[in-house]
Amino acid sequence: MEPRTPSQSPRQSSYVVDIEKADDAFGEANRQTSSSAHTTPFTSPRAPFVSPGSAAAGPLIGLKNLIERNPATVVSGRYSINLRQLFVLLLILMGLTTMWFIVNPAESFGGEGEPESLVQSAVGVSDQSRVARDPHHPHAKPHVPSPIVLEASHGLTGSAKYRFERIRGKGARTSLKKIQFQFPAETEKARLEREARLKAVRDGFEHAWKGYKTHAWGHDEVLPVSGGFKDNFNGWGATMIDSLDTLVIMGFNDEFDEALEWVKTKFSMTRNPTDQVQFFETIIRYLGGFLSTYDLTGEKVLLDKAEELGGYMLNAFQGKNFPNGRVAVQATANMPGYNFVVAEIGTIQLEFSRLSQLSGKPIYDEKARKIFEVLGSATSELPGLVPAYVQDAEGRHYSNFKAAVGGMVDSYYEYLLKEWILLDGKVPKFREMFEHAADSIKKYMVMRPENGSQEYAILGQVYSVNKKIEPDMEHLACFMSGSFAMGAKYFDRPDDLVLARQIAQGCYLGYRHSGTGLGPEATQFTSSTYPGKFIPDADKFFNPLLSRKDYILRPETIESLWILYRLTGEKKYQDQAWEIFQSLEKSCRTPIAYSGLRDVTSPGSHDNRMESFFMAETMKYLYLMFSTPDVISLDDFVLNTEAHPIIRI
Ligand code: DMJ
């Protein structure tokens, strides 16, 4: 199916990037042409002007002289032409060739201004090409492989080309400032290392996908040790839908087409319409997966599925401001709820607002924003912070609760910021709510190591009444580093970027000390006698009585490292993510796919689970860590909590 044409964008940032790259490719090609035996001159307005005296003009003048010296017919028989006609024919052919180069600049020259060509453009080109031709030249460099195919658009046409451009933000627009680091041109050495890592991650994803395909096709999860499958997220094919956009981003076009065919012909949400499915998981994994992949591919069936699913999800509201935690596809199988988990009601805003933007039906956006308005109208003993559970009553006051940024609350804070971004900063209330929360987290929850290190920090859990903090942190809470970092950039809060770095390093610490290189599900540190401090004692870290030692392939630490890398450009974050990937390879990879661990201090303790977020988030963040930074740029996309990129329009 031909993808829909992306909507017109006044900004067209990726077009700018592409044109710059294409210009570079043109320049490079022209330079190569002028130093080789092939003599086609460029007539493109982008190509440098070729004066009659230039090297490239020489052969043309030679041809002209030949014609003038010998105007006789050159080919005998029925189709004979004279030299003048031959000259005109040649000119037409050259013109056609040039036109083709203009239309397909990237394909023509092998890459869109890859870093390699940027490096070359900085040195003397004629000298460079002479050195390149002569391997014995004293300055000859070892052969450098050209950029790997998955990062170039060689020969891509139709939907594959559309996807290639779309993941690079074609069609995105926003009036918010750019927050990504302005990455300089890459050295050859850096490119080689980065691409080797990128390929390793991509190979890892392919391994997991093959395992899913062989053992669990169409089911929710593959069992990575025993083989077989598990249907624990509605039985609708959670891994399939959660992985769709990762397939697109990594350039697995055939695999994506196969999965899309399954969606078209086999996917069904109505087989057991009275089953109660989890609202939160269905929104972030299925609805997020459909919307994002539609944004990246323009495949209409995905929007159709998103709309159908969105309609069913409205059943969760039952006349209330907040949706139930569980919902049935069949409207009459739902009852009004009375007690709501904040993360469940506060993690639909991106998906519902995007669904309204795409479907033209305002109801989803209205429902989603109403939740934030109601939550934002409450007062709290910890301003901006909320308990895990709330009731659906107006004018509430949150008192006597324990505040944390881990499970049951986490993505509510994430979505305050991200909904503000998606709505292009047009709803200041969401920024205000995010900043209130950020201020209180900093004031009440940040704990620092007793040894005075400024390298890392953790987010403890605080009682709203007496403000007592406990040094307990879940892996889930590690996402907050990324939110602090993005908020710091948008709202000019430099201290928050410092804190974001420290939290990410606090999370990474758990990985570094575990023995397997993978971080535990939760860590209970030892309180120091100094207020707000904890003792970062590695022995206590992994005391089974104090911590949850399992690692279920969660993404949050890698996610924050990725955001920090894209915002600061610091390679240390790439290196840390690479270490984590190697640990995954060593301790979690199985002959079938990847498995979580029951104990991060024990490499062989596989739990025989691979949740769909491993392919949706963990592997995607790792891949994006080593892709070029124009792929899913934070200036073009906002990612839902399951790492599904939503284009900003
Ligand atoms: C994912 O499903 C989402 O990131 C969610 O917000 C939290 N838990 C998992 C990953 O750990």
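Structure first, text after, so check above.
Note that the coordinates shown come from a computational prediction; the quantities given were computed from them, not determined experimentally.

Caption draft 1: Structural view of the overall build of the chain. For the chain, the helix and strand inventory stands at 23 helices and 19 strands. Relative to its 649 residues, the chain shows a buried fraction of 56%. A separation of at least 24 residues holds for 71% of the contacts in the chain among residues at least 6 apart in sequence. Per element, the accessible surface of the chain, about 26,800 Å² overall, is 55% carbon and sulfur.

Caption draft 2: Layout of the pattern of salt bridges. Within this structure, the stated rule accounts for 40 salt bridges. A salt bridge links Glu435 to Arg493, with the nearest nitrogen and oxygen atoms 2.9 Å apart. Note that Glu435 is positioned in helix H17 (residues 428–445) and Arg493 in the loop between helix H18 (479–490) and helix H19 (494–512), a separation of 58 residues in sequence. Residue Glu435 is classed as buried on the basis of its relative accessible area, which comes to 17%. On the basis of relative accessibility, which here comes to 12%, the residue Arg493 falls in the buried class. Between Arg589 and Glu585 there is a salt bridge whose closest N-O contact spans 3.2 Å. Each of Glu221, Glu281, Arg285, Arg609, Glu611 and Glu642 takes part in one network of salt bridges that share partners.

Caption draft 3: Structural detail: the state of the cysteines. If you walk through the whole model with that rule in mind, you get 1 disulfide. Here Cys478 pairs with Cys507 through a disulfide, and the sulfurs are 2.0 Å apart. Since a negative S-S torsion denotes a left-handed disulfide, the Cys478-Cys507 link at about -100 degrees is left-handed. Of the two residues, Cys478 sits in the loop between strand S14 (472–474) and H18 while Cys507 sits in helix H19, which places them 29 residues apart along the sequence. Side by side, Cys478 and Cys507 carry an identical accessibility label, which is buried.

Caption draft 4: Seen up close, the site of the ligand. The environment of the ligand is made up of Phe280, Ile284, Arg285, Leu476, Arg554, Pro555, Glu556, Phe613, Glu617, Thr641 and Glu642. Taking Glu617, its side chain carries an N or O atom lying 2.9 Å from an oxygen atom of the ligand. Thr641 places a side-chain nitrogen or oxygen 2.7 Å from an oxygen atom of the ligand. Burial of the ligand by the protein chains amounts to 93% of its free accessible area of 290 Å².

Caption draft 5: Representation of the packing of aromatic side chains in the model. Inspection of every chain in the model, using the stated rule, returns 28 aromatic pairs. Relative to Tyr286, the ring of Trp236 lies with its centre 5.2 Å away and its plane at 65 degrees, an arrangement referred to as edge-to-face. Of this pair, Trp236 sits in the loop between strand S2 (229–230) and helix H9 (238–249) while Tyr286 sits in helix H11 (residues 279–297), placing them 50 residues apart in sequence. Residues Trp236 and Tyr286 agree in their burial class; the two are buried. On the numbers, 4.7 Å between centres and 75 degrees between planes, the contact of Trp420 with Phe491 is edge-to-face. Of this pair, Trp420 sits in helix H16 (residues 410–422) while Phe491 sits in the loop between H18 and H19, and the two are 71 residues apart along the sequence. Residue Trp420 is classed as buried on the basis of its relative accessible area of 6%. Residue Phe491 is classed as buried on the basis of its relative accessible area, which comes to 5%. Put simply, the rings of Trp236, Trp262, Phe267, Tyr286 and Phe290 touch in pairs and so form one group of aromatic residues. Just above the ring of Phe252 sits the side chain of Arg202; from NZ or CZ to the centre is 3.9 Å. One Lys or Arg, Lys367, reaches over the ring of Phe317 and ends 4.9 Å from the middle of that ring.

Cut-offs applied
- Residues numbered from 1 in each chain as written.
- Predicted model: local features only at pLDDT ≥ 70, side-chain atom pairs only at ≥ 80, totals over all residues.
- Heavy atoms only, no water.
- Helix = DSSP H or I, 4+ residues; strand = E, 2+ residues; numbered from the N terminus.
- Buried < 20%, exposed > 50% of the residue type's maximum accessible area, 1.4 Å probe, protein only.
- Contact = heavy atoms within 4.5 Å.
- Areas by Shrake-Rupley, 256 points an atom, 1.4 Å probe, with all protein chains shown as cover.
- Salt bridge = Lys/Arg side-chain N within 4 Å of Asp/Glu carboxyl O.
- Disulfide = S-S within 2.5 Å.
- Near = heavy atom within 4 Å.
- Polar contact = N/O pair within 3.5 Å; in protein donor to acceptor, adjacent residues only side chain to side chain.
- Phe/Tyr/Trp six-rings, centres within 6.5 Å; stacked < 30°, edge-to-face > 60°.
- Lys NZ or Arg CZ within 6 Å of the ring centre and 35° of its normal.

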